[in-house]
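Okay, here's what each chain looks like letter by letter:
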Amino acid sequence: MLAGDQWRVACWIIGCFLLSPVLRAEDKVVAPSAETEAKPARAVVFSMAGPLTESPRSNEFSFDIEPKRSLYSVLSRLEQARDDDQVSAVVFTFDQPAIGWAQMQELRLAIKALREAGKDVYCYLEAAGSAAYQMASEATEIVISPVGGVDLRGVLVETAYFKGLMDKIGVEADIEHCGDYKAAGEPFTQTGPSEPAREMIEWLVKDLYDQLVESLASARDKSVDQMRTIIDNGPYTADEALAAGLVDRVMHVEDFADAVRDHYEDDIVFDHHYASETGPELDFTNMFSFFKTFGQMMSKAHQEIDTGAIAVVYVEGMIVDGKSEEELFGDGGNVGGTTIRRIFNRLASDDDYEAVVVRIDSPGGSALASDIMWHSLSELAAVKPVVVSMGNVAASGGYYLAVGSSTIFAQPATITGSIGVIGGKVVTQGLWDWLGVSFHSTQQGKNADILNNKQRFTKPQRAKIREHLEAIYTTFKERVTTGRGKLLVKDIDDIAGGRVYTGRQAKNLGLVDELGGLADAIDYAANEAGLDDYEIVEFPEPKTFIDLFMQGMSGQDDSEDNGYDVKASALTGFSLKAPGVTAMLDTLKRLDPVGLRTVMRSLMRIELLANEGVLMALPGELSIR
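The structure displayed is predicted, hence computed values, not measured ones. (Residues numbered from 1 in each chain as written. Predicted model: local features only at pLDDT ≥ 70, side-chain atom pairs only at ≥ 80, totals over all residues. Heavy atoms only, no water.)

Caption draft 1: The arrangement of helix H9 (residues 224–232) in detail. Those residues of H9 not exposed but buried are Met227, Ile230 and Ile231. Buried residues along H9 cover an arc of 95 degrees about the axis, so they all sit on one side. Summarising the geometry of H9, the exposed residues directed more than 90 degrees from the buried face are Asp225 and Asp232. Tucked into the core, H9 has its buried residues touching helix H8 (195–219) and strand E7 (236–237). (Buried < 20%, exposed > 50% of the residue type's maximum accessible area, 1.4 Å probe, protein only. Helix = DSSP H or I, 4+ residues; strand = E, 2+ residues; numbered from the N terminus. Arc of directions from axis to C-beta. Contact = heavy atoms within 4.5 Å.)

If you want it as structure tokens, here you go:
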């Protein structure tokens, strides 16, 4: 007899087979006819919709309705189009993209490279915020829908504060921090930023705004003062954007497509699937063929490589102890110190990989996991070239890891630094009093109750916690001074203290080496390894939907070095599946997705604080709009 889980899988397989007549009939209707003649020219179409992940989330066997796209996959396809003589133009369409500023800057450079290679680049906008418009500004031509608009009005950074909420439910945070600017605990202890935190946010916003003005002024042939005035008068309707010189034409998408065809005298075809991988062809008419394909889907395909590969390792999400966690149905997840350590150790001993690029997009997290990853990365860097590429955020624990390499790349808008430590606990006694629940404790040992969340730290306990944090903070600064050495332009105490910088500011301080993106870091690593011809292998290797599905059903831990744990939610300590909570989250996601993301990631810090005690984390969750 089949076990319960096996029976469910068997039913799924049988159901697919029984539905095969319907699928076969549909295939006969929609199957495209084979082209017998190659088109002389192509316009490659890229749809910028939703978020871009850093690490690949699914492969060709995924059943995602909208497969998650990684930044590197898009950059690779753009590079291929750049070098393809059959490609005359590249067209970008925008459908509510959720692109971070550092990712936007990298895509912007890719558009610039396309134009330098002689390609026409068109960006069709329905509506665009600051990040999307900055990306589009490098295009040969920007076209906008008649009822669209350019939401260009400057830079707004928001941080959520929870003390008022915590007061209402009788909960308080008892937190110590090292560094006047280390404000990661302030969202839970204050209703607004401290003076050092306010000063830090202001210098971040100023540099991001200056980058916005400078990049747009250069791209749209305006002076800096003119662009500042244009931004101050935003946002713009389509006609207003045309009058201000922000776009080149106003027309519906069908008319835009006709205009492109007319420009090339109808001798062009729009290619919506250029250089994209296709999934397996399922032959439902042959049961044996179907089960063969299904078997391939159930197995993990390990990429065969030749000597001379470059490994790209993604460190994406909040840093936690143990294994990385990836949601079964979502974008969220954490990066585990154990998972990354095993990958670094494997790459150190595998001669097939001659260089390593570590792509970091993380606000930090567990101090212990950060140090574990730093140590294994340092060991890896001792035997082969290792280059760090920073994404939207590589701060606190993310920066701690980065200094284990010899070379660090960042985009001008990358958020980095935050060299500092916080620690403490959330005191819940007031909540239990309100609920009418009482506790009695019996202890042996002076500090047995030091982490008891029913009471604040006593004075001796606070001194003990402070001593522990200061030791970790000293270690953090030592890691930075050892890794960066004489490149630092100031004393470490004048750079650290929890201060957060943009990538451009960090380069001026010697915290990073070069301004550039993932592609630049890969080219640099290849040059360091003396490689002219190489292939890229990404880690952790993405799991298929079937991998995640079966692991979730079985509840078995994946012991492989590069595996993910599957979690119902990245917030394992919170119940997010209750109907009322689900409805509320769905509503907030529709009304204010950026705000909800800020709140959810801030709650992850509370969970980490309860589990870890000591954090290297970015101050709050900076939401840049």
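Caption draft 2: Quick look at the nonpolar core. Counting residues in hydrophobic clusters, the biggest one holds 63 residues, and the most contacted among them are Leu347, Val358, Met390, Tyr399, Val480 and Leu511. Leaving out residues up to four positions away in the same chain, Leu511 has contacts with Tyr399, Ile408, Ile419, Val480, Arg484, Leu488, Ile495, Tyr501 and Ala506. (Core = buried A, V, L, I, M, F, W, Y, C linked by side-chain atoms within 4.5 Å.)

Caption draft 3: Looking closely at the packing of helix H3 (residues 71–82) against helix H4 (residues 101–116). In contact at an axis separation of 10 Å, H3 and H4 are set at 10 degrees when each is read in the N-to-C sense. It follows from the interaxial angle that H3 and H4 lie roughly parallel. For the pair formed by H3 and H4, the contact residues are Leu71, Val74, Leu75, Leu78, Ala81 and Arg82 on the first element and Gln103, Glu106, Leu107, Ala110, Ala113 and Leu114 on the second. (Axes fitted to C-alpha atoms, helices over the stretch in contact; angles between N-to-C directions. Parallel < 35°, antiparallel > 145°, perpendicular 65-115°, else oblique.)

Caption draft 4: Quick peek at the pattern of salt bridges. Applying the stated rule across the entire model yields 26 salt bridges. Residues Asp258 and Arg261 are paired through a salt bridge, measuring 3.0 Å at the closest nitrogen-oxygen approach. Linking Asp258 with Arg261, this pair stays in helix H11 (residues 253–263), spanning three residues, or about one helical turn. With a relative accessible area of 31%, Arg261 lands in the partly exposed category. Counted as one network, the salt bridges with shared partners bring together Glu172, Asp174, Glu176, Arg456, Arg462, Arg466 and Glu470. (Salt bridge = Lys/Arg side-chain N within 4 Å of Asp/Glu carboxyl O.)

Caption draft 5: Spotlight on the environment of Arg198. Tracing the backbone shows Arg198 in helix H8. For Arg198, a relative accessible area of 37% gives the class partly exposed. Taking C-alpha positions, Arg198 is 9.2 Å from Tyr181, a pair spaced 17 residues apart along the chain.

Caption draft 6: Highlighting the pairing of strand E14 (residues 353–362). Among the ten residues of E14, nine are classified as buried, and the element is accordingly described as predominantly covered. In this sheet, E14 lies alongside strand E10 (residues 309–316) in parallel orientation, the contact comprising eight bridges. Of the residues in E14, the one forming a bridge with Ala311 is Val356. As paired elements, E14 and strand E16 (residues 386–395) share six bridges and run parallel to each other. Within the sheet, the bridge partner assigned to Ser362 lies in E16 and is Ala394. (Pairing = 2+ DSSP bridges.)

Caption draft 7: Spotlight on the environment of Val74. With respect to the secondary-structure elements, Val74 resides in helix H3. Note on Val74: relative accessible area 2%, which makes it buried. Sequence spacing of Val74 and Ala110 is 36 residues, and the spatial spacing of their C-alpha atoms is 9.8 Å. When sequence neighbours within four positions are dropped, the list of residues in contact with Val74 reads Phe46, Leu52 and Leu107.

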